[in-house]
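Structure at a glance
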Amino acid sequence: MTEKVAVLGTGKIGEALLSGMIRAGWAPADLLVTARRQERADELRTRYGVTPVSNAEAAKTADTLILTVKPQDMGTLMDELAPHVPAERLVISGAAGIPTSYFEEKLAPNTPVVRVMTNTPALVDEAMSVISAGSHATAEHLAHAEQIFGGVGKTLRVPEAQQDACTALSGSGPAYFYYLVEAMTDAGILLGLPRDKAHDLIVQAAIGAAVMLRDSGEHPVKLRENVTSPAGTTINAIRELENHGVRAALIAALEAARDRSKELASGKG
Ligand SMILES: NC(=O)c1ccc[n+]([C@@H]2O[C@H](COP(=O)([O-])OP(=O)(O)OC[C@H]3O[C@@H](n4cnc5c(N)ncnc54)[C@H](OP(=O)(O)O)[C@@H]3O)[C@@H](O)[C@H]2O)c1
């Protein structure tokens, strides 16, 4: 018998995951989706050939349930879902900030729960998905979550206590790079370049740097030193970054993101 997987609350992240699973070889016939609006359900059926069902139906039919609603909608979803989830179902939560204990309290005793924090590059199969086991999830359950999220990028197992730090680094991470690109494009305009050209130059520099970081095996310091020649242009720019405390600002920014993630996890909206 083939395994059925249901994505509950198939919005941006849920759809990215669904399309990644299909690209990775899952049969659309084995994938169920739930949506709050009929037009969204119809759209998913037409686009991917998957089967829209109710949340209760998904709980009864699928072997694995992946919850991808917004954290503020999780209470309503769990009220609809929990009474129908048999204890052997694997429940994977993709919601930021909600601990596995929240689900374990609402589900039947011993239900395995896995928490995953992915990020929006899931849309282009370059996600970083950080995976933690709840109290009843085994290595097999973690491997299953890795297989599913591996379809849209890289995965990493961490203890759940590190999830808030990971949210600050990779969950929010893409936003910091967009922010840098935005600021550097403005700098290009100040230096007299048209916006579109400045944008293209910075984006390609970012892609080149990212591939070098991933593929060269070199430490970032070494890569930076390679473009920092004595009395050259780069060292003048680096001096300004240091003068303006950019390194300290980044450390403080990620600490603030980690703290906010902890606050959200403890229910402070
Ligand atoms: N976006 C990110 O950068 C990011 C990164 C990492 C993790 N996450 C996590 O991923 C989750 C989803 O985020 P997202 O950006 O994909 O949100 P989203 O686009 O709003 O997707 C959530 C979907 O769930 C649907 N929904 C809400 N309640 C439902 C219910 N009771 N039954 C069925 N469907 C329901 C919503 O319907 P409507 O269309 O009617 O609203 C929406 O389509 C969040 O928990 C977030 O923390 C997001």
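The structure we're discussing is the one just above.
The structure displayed is predicted, hence computed values, not measured ones.

Across all of its chains, the model carries one aromatic pair by this definition. Between Tyr102 and Phe103, the aromatic rings sit 5.1 Å apart at their centres with planes inclined by 85°, giving edge-to-face as the arrangement. On the basis of relative accessible area, Phe103 is assigned to the buried category, the value being 1%.

Taken as a whole, the second largest pocket holds about 1,300 Å³ of empty space. Lining of the second largest pocket is provided by 46 residues; of these, Thr68, Val69, Lys70, Pro71 and Gln72 occupy positions nearest its centre. Of all the elements in the fold, those that place two or more residues in the lining of the second largest pocket are α1 (12–23), α4 (74–81), α7 (163–171), α8 (173–190) and α12 (246–265). Per-element tally for the lining of the second largest pocket: the top contributor is α12, with five residues. Of the residues belonging to the lining of the second largest pocket, the class tally is 19 nonpolar, 19 polar and eight charged. Structurally, the lining of the second largest pocket is a two-domain feature, drawing no fewer than three residues from each of domain 1 (5–158) and domain 2 (173–265).

So, on to the sheet that holds strand β7 (residues 127–133). Sheet architecture is open: eight strands sit in the order β3-β2-β1-β4-β5-β6-β7-β8, paired in mixed fashion. Every interior strand has two partners, whereas the edge strands, β3 (51–52) and β8 (153–157), have only one. Helix-sheet contacts for α7 involve β6 (113–117) and β7, and the interaxial angle to β7 is about 175°.

As a further point, take the packing of α8 against helix α9 (residues 195–215). The geometry of α8 relative to α9 is characterised by a closest axis approach of 8 Å and an angle of 130° between their N-to-C directions. Here α9 runs oblique to α8, going by the angle between their axes. Along this stretch, α8 crosses α9, giving a crossing that reads as right-handed. Of the residues in α9, those in contact with Val181, Met184, Thr185, Asp186, Gly188 and Ile189 of α8 are Arg195, Ala198, His199, Ile202 and Val203.

Time to look at the pattern of salt bridges. Taken as a whole, this structure holds 16 salt bridges when the rule is applied. Notably, a salt bridge pairs Glu15 with Arg47, separated by 2.6 Å at the nearest N-O pair. Note that Glu15 is positioned in helix α1 and Arg47 in helix α2 (residues 38–48), a separation of 32 residues in sequence. Overall, the relative accessible area of 13% leaves Glu15 in the buried class. Where Arg258 meets Asp259, a salt bridge forms, and the shortest distance between an N and an O atom there is 2.7 Å. Looking at Asp259, the relative accessible area reads 35%, which means it is partly exposed. Salt bridges here are not isolated pairs; linked through shared partners, they connect Glu15, Arg40, Glu43 and Arg47.

Once that is clear, we can look at unusual backbone geometry. Phi at Asp125 is positive, roughly 60°, even though this residue is not glycine. Structurally, Asp125 is set in the loop between β6 and β7.

Parameters at a glance
Residues numbered from 1 in each chain as written. Predicted model: local features only at pLDDT ≥ 70, side-chain atom pairs only at ≥ 80, totals over all residues. Heavy atoms only, no water. Phe/Tyr/Trp six-rings, centres within 6.5 Å; stacked < 30°, edge-to-face > 60°. Buried < 20%, exposed > 50% of the residue type's maximum accessible area, 1.4 Å probe, protein only. 1 Å grid on protein atoms, 1.4 Å probe; cavity = no way out; pocket = protein on both sides within 12 Å on 5 of 7 lines; lining within 4 Å. Points joined across faces, edges and corners; volume = space filled by probe spheres on them. Helix = DSSP H or I, 4+ residues; strand = E, 2+ residues; numbered from the N terminus. Nonpolar A, V, L, I, M, F, W, Y, C, P; charged D, E, K, R; others polar. Domains from an automatic or database assignment. Pairing = 2+ DSSP bridges. Contact = heavy atoms within 4.5 Å. Axes fitted to C-alpha atoms, helices over the stretch in contact; angles between N-to-C directions. Parallel < 35°, antiparallel > 145°, perpendicular 65-115°, else oblique. Left-handed = near helix turned anticlockwise from the far one by under 90°. Salt bridge = Lys/Arg side-chain N within 4 Å of Asp/Glu carboxyl O.

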